[in-house]
Amino acid sequence: MLLLLSPALAVLIGCASKGPMPTFAASSLPSMSESGETIAPERWWTTFDDDGLDREVNLALGDNFDLAVALSRLRAAQAVTRIAASDWCWDVNGFSESSRTFGPGRDASQMTWGLDASYQVDLFGQIRSRVDAERFRTEATRSDYQAVALSLSAEVARTWYSLIESYAQIKLLEEQVETNREGLKAVELRYAEVGEGGPNVLRQQQLVQSTMEQMVVVRAGIEVLEHQLAVLTGQPPQTARYQPGDKLPELPPMPFAGLPADLLNRRPDVRAAYFALAAADRDVAAAVSDQYPRLNLGASIVNSAQNPETLFRDWFLSLGGQLIGPIIDGGQRRAEVARTQAVVWQRFSEYRQTTLIALQEVEDALALERRQIERIELLEAQLESAELASQQLLQYFITGNTSYLDVLSAAQSRQSLQRSLLSARLDLIQIRIGLYLALAGTFDTRPIENNGLLLDAPRLTSENEFDDSDAGELLPPPAGMPVDASPAPTELPSPAAGSGTVKPAKEFDLNE
C-alpha cells in the first residue's frame, strides 16, 4: 500500500516548500563615526582596574535574583526543546487489565497485559521543523540571559561609581562648609568693628546652612545607592554599608568600535532577535507540513490468560500503519500558515529595529563622550576663572573696594562649579559604561575568585544541561548551534537564500 502511495507522497513533498526566510545585507551600513584602538575585554568592567568594582560584579553574577530568573527561563527552554525532540522516539506504554465475570454458569476471569508502541514517521519534516524552532528559541533565551548579565554588570558599575562620586561630593561639601564658616567669622569680625553688616552676616550664615543642606541630600543619596547595590548583589539592604573611597578613576582609552557587522554578530539582544526570527521561520515550515498526510506506525504485544497457570503461554503480536490526511478543516491549517508567516515578518521587523537601536546606542555613546569631554574642559576653565575672581574680590572687599555681595556671589559660583565638575566627571564615566555596554558581547557569566579561577555559580548543572543523547541518534544539533551552558558562538547563522533553512554559523556573513 505504501509503495502505491509513494508517487503521491513525492509530489506532496515537492509542494511543501515554504520559501526563503527574509534577510538583509549589512554591506551598505557605514562605519562607526569614531573608534579607539584598544579592544575591550569580554569582562569590560575590568578596564577600570578597580578591585572593588570587580568584587561587586562577581557578587552580582553569583547572587543576583534577576539573573537567576533568566537562568531558570533558559533551563525551561532547554526542557521544551527536549520535549519537542521526544516526538522522534517511539512512544511505548505498558498496560494490564484484569476482569472477572459472574453469571449462572461458571465464573470466568480474564487477565491481559502487554506493551503498546506508536511512532509518527516524519514524512515532511514537521517534527524536525518544530525541534529546530525550539532550538532557536532556546538560543534566543540564552542570548536574553547574556543580555541580563551584561545589563546587570553595567548597573552595578553605574551604582558603584555613583557611590564613589557621592562620597567625593561629601568630602568637597565638608571642605566648603569649613571654608564658609571661616568666611562667616571673617564677616562677623569685619562688620563688628563698624557696628553694621547684619544682612551680610545673615547671607553668609545662609551660605553655610545651604552647604550643609546639600550634604544632607547627598547622604540620603548614598543610603539609597547602598540599598540599590545590596539588592543588585543579592544582599538584604537593611545593613548595607560600603567604603568605596572618594576617587573617581581615570577614563580608560576609548575601545575599538569595529564594523557594524561585527557589532551585530556580537550583541546578545541582536542575536536574540535573530534567533526569534529563525524560530518563527521554522514554525512556518511546521505549519506548511501540517497540511499534508501523516504516517503513524503501531505495534503491540499482548499476553492473555484466564488463569495464572496459563499467564505466559499465549502471546499475540500486532503490527500496523495508518496514513492520515486532512480533507476538510474549514481552512484552519491554511490560516495557521498565514499566521506564522505574519509572525515571521513581525520578527523580521523587530530584528531590523534591534539592529538599528544597537547602532544608535554606540553612536549616542560616542557623541555623548566627545561632547562631555568638551564640557569638562569648559567647566575646568570656568572653575579656574571663578577661583581667580573669588580671590581678587576678597582682596577688594578687605580694602573696601567692592561690596560683600560680589564676594558672596563669587564664592557661590565657585562652589557650584566645583560640584558640577565632579558630577560631570561621573557623567563621563557613566557614558563610557554605556559605550562598553553597547559594544559588549557575550561572556562567561560565572564569578571569578581572587585567584582568577571561575566559580560554578550561577551555572547549568549537568542534569539541567541540554543533552542530545536524550533524543537518540535522530537528533543532530544544527551546525554551529551551541547546546550547553558555554557562551554562544561569535557569529550568527545566516539564512540561505531561497531555501528557508539556516546555514551553519561559520558560513554567516552580514556583508553578503
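Predicted, not measured: the structure shown is a model, and the values here were computed from it. (Residues numbered from 1 in each chain as written. Predicted model: local features only at pLDDT ≥ 70, side-chain atom pairs only at ≥ 80, totals over all residues. Heavy atoms only, no water.)

> Would you take a moment to explain the confidence of the model for the protein chain for this structure?
The predicted coordinates ought not to be read in detail in places where the model reports low pLDDT. Residues at a pLDDT of 70 or more form 81% of the protein chain, whose mean pLDDT is 81. When mean pLDDT is compared element by element in the protein chain, helix α3 (residues 65–85) scores highest at 95, while helix α1 (residues 2–14) scores lowest at 43. (pLDDT = per-residue confidence, 0-100. Helix = DSSP H or I, 4+ residues; strand = E, 2+ residues; numbered from the N terminus.)

> Which parts of the structure should I look at to understand the UniProt feature "coiled-coil region" (unreviewed entry) in the protein chain?
Here, the residues flagged by UniProt with the feature "coiled-coil region" (unreviewed entry) are residues 359–396. The distance separating the terminal C-alpha atoms of residues 359–396 is 55 Å; by composition the span is 100% helix and 0% strand. (UniProt positions renumbered as here; feature names shortened; annotations may be inferred.)

> Is there a simple way to think about the packing of aromatic side chains in this case?
All chains considered together, the criterion is met by 12 aromatic pairs. Aromatic pair F48 and Y436: ring centres 6.0 Å apart, planes at 85°, arrangement edge-to-face. Taken together, the positions of F48 in the loop between α1 and α2 (51–63) and Y436 in helix α9 (residues 404–439) put the pair 388 residues apart, joining distant regions of the chain. Where W90 meets Y119, the ring centres are 5.2 Å apart and the plane angle is 25°; that geometry is what we call stacked. Taken together, the residues span a long stretch of sequence, with W90 in the loop between α3 and β1 (91–101) and Y119 in strand β2 (residues 108–121) at a distance of 29 residues. Residue classification places W90 among the partly exposed residues on the basis of a relative accessible area of 46%. Residue Y119 is classed as buried on the basis of its relative accessible area of 17%. One aromatic cluster is present, formed by W44, W45, F48, Y161, Y436 and F443 through successive ring pairs. (Phe/Tyr/Trp six-rings, centres within 6.5 Å; stacked < 30°, edge-to-face > 60°. Buried < 20%, exposed > 50% of the residue type's maximum accessible area, 1.4 Å probe, protein only.)

> Got a minute to help me understand the packing of helix α7 (residues 268–289) against helix α8 (residues 332–398) in this structure?
When two helices pack together, their arrangement is given by the angle between the helix axes and by the axis-to-axis distance. Between α7 and α8, whose axes approach to 8 Å, the crossing angle comes to 170°. In terms of their interaxial angle, α7 and α8 are classed as roughly antiparallel. The handedness of the crossing between α7 and α8 is left-handed. Mapping the contact onto sequence places D269, V270, A273, Y274, A276, L277, A280, D281, D283, V284, A287 and V288 in α7 and E336, V337, T340, Q341, V343, V344, R347, F348, Y351, T354, T355 and A358 in α8. When the residues that make up the contact of α7 with α8 are grouped by side-chain class, the tally is 15 nonpolar, four polar and five charged. (Axes fitted to C-alpha atoms, helices over the stretch in contact; angles between N-to-C directions. Parallel < 35°, antiparallel > 145°, perpendicular 65-115°, else oblique. Left-handed = near helix turned anticlockwise from the far one by under 90°. Contact = heavy atoms within 4.5 Å. Nonpolar A, V, L, I, M, F, W, Y, C, P; charged D, E, K, R; others polar.)

> What should I look at first to understand the nonpolar core in this one?
Most often, soluble globular proteins have nonpolar side chains that are buried together. Counting 43 residues, the largest nonpolar core has W44, F48, L53, V156, Y161 and I433 as its most contacted members. Put simply, the parts of the chain that give this core at least two residues each are α2, α3, α4 (126–192), α5 (198–232) and α9. It is α4 that provides the largest number of residues to this core, a total of 15 residues. If we skip the residues at most four places from it in the chain, L53 touches W45, F48, V156, A157, W160 and Y161. (Core = buried A, V, L, I, M, F, W, Y, C linked by side-chain atoms within 4.5 Å.)

> Please explain the pattern of salt bridges as it appears in this structure.
Between side chains of opposite charge, a pair can form when the charged atoms approach closely. Inspection of every chain in the model, using the stated rule, returns 20 salt bridges. Between R333 and D290 there is a salt bridge; the shortest N-O distance is 3.5 Å. Highlighted residues: R333 in helix α8 and D290 in the loop between α7 and β3 (294–305), separated in sequence by 43 residues. We classify D290 as partly exposed; its relative accessible area is 24%. Measuring nitrogen to oxygen at the nearest pair gives 2.6 Å for the salt bridge that ties R432 to E369. Pair noted here: R432 is in helix α9 and E369 is in helix α8, with a separation of 63 residues, a long-range link. A network of salt bridges, in which partner residues are shared, links E134, R137 and D283. (Salt bridge = Lys/Arg side-chain N within 4 Å of Asp/Glu carboxyl O.)

> Looking at this model, I keep getting lost on a nonpolar patch on the surface. Mind explaining?
Where nonpolar side chains cluster on the molecular surface, the patch consists of W90, V92, L115, I301, F312, W315, L317 and L319 and spans about 890 Å² of accessible area. No other element matches strand β4 (residues 315–324), which puts three residues into the nonpolar patch. Along the chain, W315 falls in strand β4. When its relative accessible area of 40% is taken as the criterion, W315 is described as partly exposed. (Patch = residues over 30% accessible without salt bridge, like charges linked within 9 Å, V, L, I, M, F, W, Y side chains within 5 Å. Areas by Shrake-Rupley, 256 points an atom, 1.4 Å probe, with all protein chains shown as cover.)

> Where do I start with α7 in this structure?
An α-helical turn contains 3.6 residues, so a residue and the one three or four places further along point in the same direction. With 22 residues, α7 should cover 32 Å at 1.5 Å per step; its first-to-last C-alpha distance of 31 Å lies within 8% of that length. For α7, a buried count of 19 out of 22 residues is recorded, marking the element as mostly surrounded by other parts of the structure. (Expected span 1.5 Å × (residues − 1).)

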